[in-house]
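Descriptive structure summary
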Amino acid sequence: MEALLEYGYIGLFIGSFLAATVVPFSSDVLLVGMLLAGGDPIITVAVATIGNWLGGLTSYWLGWLGKTEWLERWFRVKRETIERHKAKVERWGAWLALLTWTPFVGDVFAIVLGFYKAPFWPSALWMFVGKCGRFIVWALLKIYLVA
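Residues numbered from 1 in each chain as written. Predicted model: local features only at pLDDT ≥ 70, side-chain atom pairs only at ≥ 80, totals over all residues. Heavy atoms only, no water.

1. Details of helix α6 (residues 79-92)
Between the first and last C-alpha of α6 there are 20 Å, a value that for 14 residues agrees with the 20 Å anticipated at 1.5 Å per step. Immediately downstream of α6, the backbone of G93 shows phi near 55°, a positive value. (Helix = DSSP H or I, 4+ residues; strand = E, 2+ residues; numbered from the N terminus. Expected span 1.5 Å × (residues − 1).)

2. Overview of the pattern of salt bridges
Scanning the entire structure with this criterion turns up three salt bridges. Here R134 and D28 are joined by a salt bridge, their closest N and O atoms 3.1 Å apart. Of this pair, R134 sits in helix α8 (residues 120-146) while D28 sits in helix α3 (residues 27-36), and the two are 106 residues apart along the sequence. Where E90 meets K86, a salt bridge forms, and the shortest distance between an N and an O atom there is 3.9 Å. In this pair, E90 and K86 both sit in helix α6, four residues apart, roughly one turn of the helix. By relative accessible area, K86 is classed as partly exposed at 31%. (Salt bridge = Lys/Arg side-chain N within 4 Å of Asp/Glu carboxyl O. Buried < 20%, exposed > 50% of the residue type's maximum accessible area, 1.4 Å probe, protein only.)

3. Considerations on the environment of R84
With respect to the helices and strands, R84 occurs in helix α6. In this structure the C-alpha to C-alpha distance between R84 and F13, which are 71 residues apart in sequence, comes to 36 Å.

4. What to know about unusual backbone geometry
The backbone of K117 shows a phi angle near 60°, a positive value even though the residue is not glycine. Position of K117 relative to the elements: it lies in the loop between α7 (106-115) and α8. The exposure class of K117 is partly exposed, given its relative accessible area of 38%.

5. Regarding the layout of surface pockets
When its volume is computed, the largest pocket comes out at roughly 550 Å³. Lining the largest pocket are 22 residues, with L71, V108, I111, V112 and F115 positioned closest to its centre. At the level of secondary structure, the elements contributing two or more residues to the lining of the largest pocket comprise α4 (41-65), α5 (68-74), α6 and α7. Ranked by residues supplied to the lining of the largest pocket, first place goes to α6 with six residues. Looking at the lining of the largest pocket residue by residue, the class counts come to 16 nonpolar, four polar and two charged. Taken together, 21 residues form the lining of the second largest pocket, with A19, F25, P103, F104 and D107 sitting closest to its centre. Within the residue set of the lining of the second largest pocket, elements represented by two or more residues are α3, α7 and α8. (1 Å grid on protein atoms, 1.4 Å probe; cavity = no way out; pocket = protein on both sides within 12 Å on 5 of 7 lines; lining within 4 Å. Points joined across faces, edges and corners; volume = space filled by probe spheres on them. Nonpolar A, V, L, I, M, F, W, Y, C, P; charged D, E, K, R; others polar.)

6. Considerations on the packing of helix α2 (residues 8-19) against α3
A pair of packed helices is captured by two measures, namely the crossing angle of their axes and the spacing between those axes. Viewed as axis vectors pointing N to C, α2 and α3 meet at an angle of 165°, and their least axial separation amounts to 9 Å. Judged on the interaxial angle alone, α3 and α2 are roughly antiparallel. For α2 against α3, the interelement crossing comes out left-handed. Where α2 approaches α3, its residues G8, Y9, G11, L12, G15, S16 and A19 are matched on the opposing element by S27, L30, L31 and M34. Across the contact of α2 with α3, the residue classes break down as six nonpolar, five polar and no charged. (Axes fitted to C-alpha atoms, helices over the stretch in contact; angles between N-to-C directions. Parallel < 35°, antiparallel > 145°, perpendicular 65-115°, else oblique. Left-handed = near helix turned anticlockwise from the far one by under 90°. Contact = heavy atoms within 4.5 Å.)

7. A look at a nonpolar patch on the surface
A cluster of nonpolar side chains, namely L36, V137, W138, L141, L145 and V146, defines an oily patch on the protein surface of about 590 Å² accessible area. The greatest single-element share of the nonpolar patch, amounting to five residues, is contributed by α8. Along the chain, the position of L145 falls in helix α8. What makes L145 exposed here is its relative accessible area of 68%. (Patch = residues over 30% accessible without salt bridge, like charges linked within 9 Å, V, L, I, M, F, W, Y side chains within 5 Å. Areas by Shrake-Rupley, 256 points an atom, 1.4 Å probe, with all protein chains shown as cover.)

Okay, here's the thing in structure tokens:
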């Protein structure tokens, strides 16, 4: 992570992008590290948000490419389970994209939204809102607790 911080905002963008895919990475640590290194809070939040959002959209797209048969065959997921989850996604729809900011499971939400073909633009919007909100909270915590 320190290596990415050496690249400044480009490193923050790359790290935030990767963290929103299935790569186990912490964009929060990078964001706080950039802020502690003197990064401008507005630029830092914007770069982290855009990188993380584009990574989340990549996960959504990967889910979109998925097939039910693959889940059944390779992951041994029963069709009933797939249908049960589909009903939940259809019930909550794009609102689930707000949860893509959560650690560990957020990437799964993005993939699931794509897999079940949740409407793209509303999903993209709520994903952006959730991710941006998380980074704003981190920036405010840094500003008020460390400053």
